[in-house]
Amino acid sequence: AQTVTQSQPEMSVQEAETVTLSCTYDTSENNYYLFWYKQPPSRQMILVIRQEAYKQQNATENRFSVNFQKAAKSFSLKISDSQLGDTAMYFCAFMPQGGSEKLVFGKGTKLTVNP
Amino acid sequence: NAGVTQTPKFRVLKTGQSMTLLCAQDMNHEYMYWYRQDPGMGLRLIHYSVGEGTTAKGEVPDGYNVSRLKKQNFLLGLESAAPSQTSVYFCASRAYRDRVTQPQHFGDGTRLSIL
């Protein structure tokens, strides 16, 4: 069974600085997808960034980028130039390619951006 | 463009009562999902559906039933509510295109309390 571990329950960062959230996962699959979702106080889950395991290049979306290390089964999220609106819970998630449709989530990291 | 809409947003039930949560999506997505989110936990998959008329069990299906009579709707039922089912429930949907995984789109959640 796949598992996703987020070892940082809470983090804080000053506005305009950079922060990195860590995520590790365990799977025997070779092809899969990884996601970072943001959940602000409004509760809605918002997709931040996604990575296909077969791609070596790290995904980037504006201020958000990932460091994907397939051999180490690590998928960290870097937020550059942090903004107050980035304050939220961040969830790392895993989905195998094909077959099971189960999106497996980590327990989340609560990020607070301080002015 | 409403996306994924969940009704109701809040509900309080007494132990043993029954209720149905409704999820509606207007994106013509094939796949739909029901998750629950408990404090300090990531989202856990209850049931999912890969198309109209089909459903399948997720990670925590006990005590819940689902139906997908129409492509746009996915219903989650609690036949005899228990306090352990107090949680925030999220519905999600995604498209299936050429076996490339599309991201899941989430509703705003339903906060359910069972006394």
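Our subject is the structure that appears above.
Rules behind the numbers
Residues numbered from 1 in each chain as written. Chains lettered and ligands numbered in written order. Predicted model: local features only at pLDDT ≥ 70, side-chain atom pairs only at ≥ 80, totals over all residues. Heavy atoms only, no water. Salt bridge = Lys/Arg side-chain N within 4 Å of Asp/Glu carboxyl O. Helix = DSSP H or I, 4+ residues; strand = E, 2+ residues; numbered from the N terminus. Contact = heavy atoms within 4.5 Å. Buried area = accessible area lost by both parts, 1.4 Å probe. Nonpolar A, V, L, I, M, F, W, Y, C, P; charged D, E, K, R; others polar. Disulfide = S-S within 2.5 Å.

1. Remarks on the pattern of salt bridges
All names here are of chain A. Under the criterion given, the structure shown has seven salt bridges over all chains. For lysine 73, the salt bridge identified is with aspartate 26, shortest N-O distance 3.8 Å. Taken together, the positions of lysine 73 in the loop between strand S8 (64-69) and strand S9 (74-79) and aspartate 26 in strand S4 (residues 24-26) put the pair 47 residues apart, joining distant regions of the chain.

2. Looking at the interface of chain B and chain A
Each partner contributes to the interface: chain B provides 30 residues, whereas chain A provides 19 residues. Interface of chain B and chain A: buried area, both sides summed, is about 1,900 Å²; carbon and sulfur atoms make up 54% of it. Counting across the interface, chain B meets chain A through zero salt bridges. If you list the elements that add at least two residues to the side of chain B that touches chain A, you get strand S4 (31-37), strand S5 (43-51), strand S9 (87-94), strand S11 (100-101) and strand S13 (110-114) of chain B. Looking at the side of chain B that touches chain A, its residues break down into 14 nonpolar, ten polar and six charged.

3. Focus: the state of the cysteines
Residues and elements named next belong to chain A. Counted under the stated rule, the structure contains two disulfides over all chains. There is a disulfide in this structure between cysteine 23 and cysteine 92, and the S-S distance comes to 2.0 Å. Handedness here is read from the sign of the S-S torsion; for cysteine 23 and cysteine 92, about -70 degrees, the answer is left-handed. Taken together, the residues cysteine 23 in the loop between strand S3 (19-21) and S4 and cysteine 92 in strand S10 (residues 88-96) connect sequence positions 69 residues apart.

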